[in-house]
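Breakdown of the fold
Residue-level listing of the chains:
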Amino acid sequence: SMLFMTLGFMAHWMLGTHIEEFQSFSVTLASQARMLFGEFIYASSADEIEGVMLLMYWLYAFTFMLVVFFTLLNFFLAIIVDSFAAVKKDEQDNLTEHDFL
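Residues numbered from 1 in each chain as written. Predicted model: local features only at pLDDT ≥ 70, side-chain atom pairs only at ≥ 80, totals over all residues. Heavy atoms only, no water.

Here we take up the layout of surface pockets. Approximately 150 Å³ is the volume found for the largest pocket. If you trace the largest pocket, you find it lined by Leu3, Phe4, Leu7, Leu36, Phe64, Val67, Val68, Thr71 and Leu72. Counting only elements with at least two residues in the lining of the largest pocket, the list comes to helix H1 (2-15) and helix H3 (52-93). The element that contributes the greatest number of residues to the lining of the largest pocket is H3, accounting for five residues. Residues belonging to the lining of the largest pocket are distributed by class as follows: eight nonpolar, one polar and no charged. (1 Å grid on protein atoms, 1.4 Å probe; cavity = no way out; pocket = protein on both sides within 12 Å on 5 of 7 lines; lining within 4 Å. Points joined across faces, edges and corners; volume = space filled by probe spheres on them. Helix = DSSP H or I, 4+ residues; strand = E, 2+ residues; numbered from the N terminus. Nonpolar A, V, L, I, M, F, W, Y, C, P; charged D, E, K, R; others polar.)

Okay, here's the thing in structure tokens:
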């Protein structure tokens, strides 16, 4: 959540005067939540910006999506590793390896 807030502050600070979706901190957090759920990646008022600000917008969007991707990947891998450890423990506790029946 701290990273989400930091990225939100950066987006508001850099792009708030140029893009409507980042005009205030609360609107920025709402826009990031929409981005998190895949509702948009390209802001509607991003057509109006040019030059360095357009580069900053895409740099922010790419960074945000990269952070979200790796965070979700980390959650997924934590679930898989936890399940693997539980199955491995259950297999080690199984004492009937050499039983014929």
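The rest of the description comes next.
Assignment of secondary structure puts Gln32 in helix H2 (residues 25-36). The buried category is assigned to Gln32, whose relative accessible area is 0%. Among the polar contacts made by the side chain of Gln32, one reaches the main-chain carbonyl oxygen of Phe4 at a distance of 3.0 Å. A polar atom in the side chain of Gln32 sits 2.7 Å from the side chain of Tyr60. (Buried < 20%, exposed > 50% of the residue type's maximum accessible area, 1.4 Å probe, protein only. Polar contact = N/O pair within 3.5 Å; in protein donor to acceptor, adjacent residues only side chain to side chain.)

Purely geometric stuff here, so don't read any function into it on its own.
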